[in-house]
Amino acid sequence: MPKHALSFVLNGETVDWEVETNATLLQALRENGVTSVKRGCEEGECGACTVVIDELAQKSCLVLALEVEGKSVLTVEGLPAAPGKLHPIQQAFVDEGAVQCGFCTPGFSMTTYAFLKTHPNPTDEEIRHALSGNLCRCTGYLSIIKAVKTAAEALSKPIVAGEGGEGDVR
Amino acid sequence: MKAFDLFRPKDLFQAFSRLELNQHETVLKSGGTDLLIWIKKGLVSPKEVVDLSSIDSLNEIEVKEGEGILIGTNVSLNRIIDHPEMKRRFPALIEACETHSDAVLRNKATLVGNVCSAVPSGDTIPPLLCYEAEAVVQTSCSKRHLPLPRLIIGPRKKSISKTEIVTHLWIPLPKADLSVGAYRRASRRRALDLAQAAVACTLFQHRGERDFRLAVGALSPIPVRVSEGERILNETSNIDEKIADRVADAVLKAIQPITDVRGSREFRFAVTVELVRESLSLCLTRAKTEEGCY
Ligand SMILES: Cc1cc2nc3c(=O)[nH]c(=O)nc-3n(C[C@H](O)[C@H](O)[C@H](O)COP(=O)(O)OP(=O)(O)OC[C@H]3O[C@@H](n4cnc5c(N)ncnc54)[C@H](O)[C@@H]3O)c2cc1C
Ligand code: FES
Ligand code: FES
């Protein structure tokens, strides 16, 4: 199969890759070292491959790599965080015990990231609904729902000067 | 996934030229949530995929006051759900969209794609039948409106040719002071599962006149309207439980459910009665409580 040029913004930086026409974004990301994006069912069911494309959470196993030409793709590698720190969403998942084996966590984190941008003060029901496309086999979901609430609270706090290092991490 | 070429046209002109060149070995893609799975499973093996998602002009929801709403093939289900006019005018469709897959997949899955998949369980098809939606079917030199019952002619079968594209859906705006509706489906889990049975019930009210419509999905080779059920409802001023039972009987007579991995024929008959009662009762309650929303 001949390869095709693909140019897009990955975690804030323009990348130029060569991909096959039938490659999914999931495959292309993993082949290029972005291994936070997990390969689960590859049928759109589990959400382990979720990334954010132009502000929207998407299951990267159902996106062709060439579809993101000129777009902006965010994975957990690109979640903005102060040096040596985790992004507030990741920290909340750790603090609330929402990570066990961790396989589903990058997908949940990206779904949560896109969701909290549009729902800064979510109800439990809204959280359940937003996360309905991400599966976790370990935690039983309650700790994940709690982590999303905790993350929402952390993100709504005003930034203390100097604390965030590079500024706004949202 | 099996190899295929990918063509990403900038506009419809490029898309039609490609289809005419390659007609038998090409398939169309909107969101791709069905198509990519079908290719992965080997159910279709196209030589080339023509990806309509690269055509910006098909991204729009256009309201033509007093006439109808035009929805481009790239409009995702979440955009339909978030569109205030769609919510106000076509509530049963919104409820069906909210039932479809999950909140993330709905960023990718499109309304037109759901119709074009033409599967018996396609969630948006029963409400679209109630709202008498039409497919806008174009070739490089023609354009026609095809009512959905003439587009979808069998499980996964459409009546259009390989050089035609469903560029939009057109949903007419009927004259009404009030539009309420409900979509109820049975499935094994709430998200990420296909319907075992589904019922859409809609009601338009205009100056005291009522117009009920009723359609079912996953209960016959293609989703269908149940005209006998609609007749009973439209001829009755006081709809009580007895009437609801008569409507349910009419629905049972109109369907041919099968036994498959998602449920048995017997289960489908039984659950349909409940879904009819539920959707009708929701529709009536909503008619009482909603403000004149048209
Ligand atoms: C995990 C998962 C869960 C799902 N859950 C549901 C569910 O709950 N309910 C449900 O109804 N469906 C469900 N589906 C199926 C699918 O998501 C929907 O049918 C979706 O709406 C299809 O839209 P699409 O844009 O992705 O279609 P595509 O995959 O792009 O296309 C679907 C079909 O239509 C053809 N086509 C596409 N666009 C056009 C056009 N403009 N003109 C002519 N032909 C065209 C394609 O060739 C293909 O045959 C699910 C799928 C997955 C993977
Ligand atoms: S790997 Fe994409 S949803 Fe499971
Ligand atoms: S932590 Fe193991 S799958 Fe979620």
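Please read these numbers as outputs of a predicted model, since none were measured by experiment.

Participant: Looking at this structure, I do not really get the packing of helix α3 (residues 105-118) of chain A against helix α5 (residues 142-156) of chain A. What am I missing?
Facilitator: Pairs of packed helices are described in terms of their axes, by the angle between the two and the distance that separates them. All names here are of chain A. Running from N to C, α3 and α5 cross one another at 45°; their axes reach a closest spacing of 11 Å. By the angle between their directions, the pair α3 and α5 is classed as oblique. The chirality of how α3 crosses α5 is right-handed. Seen from α3, the contacting residues are Phe108, Thr112, Phe115 and Leu116; seen from α5, they are Ile144, Val148, Ala151, Ala152 and Leu155.

Participant: Explain the interface of chain A and chain B to me, please; I cannot follow it from the model alone.
Facilitator: Many descriptions give the size of an interface as the accessible area lost when the pieces come together. Facing 27 residues of chain A, the contacting portion of chain B comprises 27 residues. Taken together, the two surfaces of chain A and chain B that pack against each other cover about 2,200 Å², and 60% of this comes from carbon and sulfur. The largest per-residue losses of area from chain A upon contact with chain B belong to A:Asn22, A:Leu62 and A:Glu67, which jointly make up 27% of the total buried on that side. The interface formed by chain A and chain B contains 3 salt bridges. The partner of A:Glu67 in a salt bridge is B:Lys108, with the nearest N and O atoms 2.7 Å apart. In this assembly, chain A and chain B are joined by 11 residue pairs in polar contact (both at pLDDT 80 or more).

Participant: Is there a simple way to explain the site of ligand 1 in this structure?
Facilitator: Every one of the 35 residues lining ligand 1 counts as a neighbour, but B:Leu28, B:Ser30, B:Thr33, B:Asp34 and B:Thr110 are closest to it. Of the chains in the model, those with residues near ligand 1 are chains A and B. The separation between an oxygen atom of ligand 1 and a polar main-chain atom of B:Gly31 is 2.7 Å. Look at ligand 1: alone it shows 980 Å² of surface, and the protein chains cover 94% of it. At 5 residues, the largest contribution of residues to the shell around ligand 1 is made by helix α6 (residues 111-117) of chain B. Partitioned by chemical class, the residues of the shell around ligand 1 number 14 nonpolar, 14 polar and 7 charged.

Participant: Quick question: what am I supposed to make of helix α10 (residues 241-254) of chain B here?
Facilitator: Each α-helix turn comprises 3.6 residues. Residues three or four places apart therefore point the same way. Residue and element names in this part refer to chain B. The end-to-end C-alpha distance of α10, which contains 14 residues, comes to 20 Å, matching closely the 20 Å that a straight helix rising 1.5 Å per residue would cover. Within α10, burial applies to Ile243, Ala244, Val247, Ala248, Ala250 and Val251. Seen end-on, α10 carries its buried residues on one side only, within an arc spanning 160°. The outward face of α10, more than 90 degrees from its buried face, is lined by the exposed residues Glu241, Lys242 and Lys253. Of the surrounding elements, those touching the buried residues of α10 are β13 (209-217), α9 (227-234) and α11 (265-289).

Participant: Please explain the domain arrangement of chain A as it appears in this structure.
Facilitator: Residue and element names in this part refer to chain A. In terms of domains, chain A is made up of domain 1 (3-78) and domain 2 (88-156). With centres defined by C-alpha atoms, the gap from domain 1 to domain 2 works out at 21 Å. Summed over both sides, the interface of domain 1 with domain 2 buries roughly 1,100 Å², with 68% coming from carbon and sulfur. Area buried by domain 1 at its contact with domain 2 is led by Lys38, Thr50 and Val76, which between them contribute 35% of it. Counting the contacts that link domain 1 with domain 2 gives 0 salt bridges. The interface formed by domain 1 and domain 2 holds 3 residue pairs in polar contact (both at pLDDT 80 or more) in total. At the level of elements, β3 (50-53) and β4 (56-59) are the ones that each hand at least two residues to the side of domain 1 that touches domain 2. It is β3 that provides the largest number of residues to the side of domain 1 that touches domain 2, a total of 3 residues.

Participant: Would you explain the sheet that holds strand β5 (residues 72-74) of chain A in this entry?
Facilitator: Within a beta sheet, neighbouring strands are joined by backbone hydrogen bonds and run either parallel or antiparallel to one another. All names here are of chain A. The 5 strands lie next to each other as β2-β1-β5-β3-β4, forming an open sheet whose pairing is mixed. Edge positions in the sheet fall to β2 (13-20) and β4, since each has one partner strand and no second. Taking the axes of each pair of neighbouring strands and ignoring which way they run, one obtains an average angle of 45° across the sheet. Sitting on the sheet, α3 is in contact with β3, β4 and β5, with an inclination near 30° to β3.

Participant: What is the right way to read the side chain of A:Ser109 from this model?
Facilitator: Residue and element names in this part refer to chain A. Of note, Ser109 is situated in helix α3. Polar contacts involving the side chain of Ser109 include one to the main-chain carbonyl oxygen of Thr105, which spans 2.7 Å. Beyond its immediate chain neighbours, meaning those up to four positions away, Ser109 contacts Val76 and Ile89.

Cut-offs and rules
- Residues numbered from 1 in each chain as written.
- Chains lettered and ligands numbered in written order.
- Predicted model: local features only at pLDDT ≥ 70, side-chain atom pairs only at ≥ 80, totals over all residues.
- Heavy atoms only, no water.
- Axes fitted to C-alpha atoms, helices over the stretch in contact; angles between N-to-C directions.
- Helix = DSSP H or I, 4+ residues; strand = E, 2+ residues; numbered from the N terminus.
- Parallel < 35°, antiparallel > 145°, perpendicular 65-115°, else oblique.
- Left-handed = near helix turned anticlockwise from the far one by under 90°.
- Contact = heavy atoms within 4.5 Å.
- Buried area = accessible area lost by both parts, 1.4 Å probe.
- Salt bridge = Lys/Arg side-chain N within 4 Å of Asp/Glu carboxyl O.
- Polar contact = N/O pair within 3.5 Å; in protein donor to acceptor, adjacent residues only side chain to side chain.
- Near = heavy atom within 4 Å.
- Areas by Shrake-Rupley, 256 points an atom, 1.4 Å probe, with all protein chains shown as cover.
- Nonpolar A, V, L, I, M, F, W, Y, C, P; charged D, E, K, R; others polar.
- Expected span 1.5 Å × (residues − 1).
- Buried < 20%, exposed > 50% of the residue type's maximum accessible area, 1.4 Å probe, protein only.
- Arc of directions from axis to C-beta.
- Domains from an automatic or database assignment.
- Pairing = 2+ DSSP bridges.

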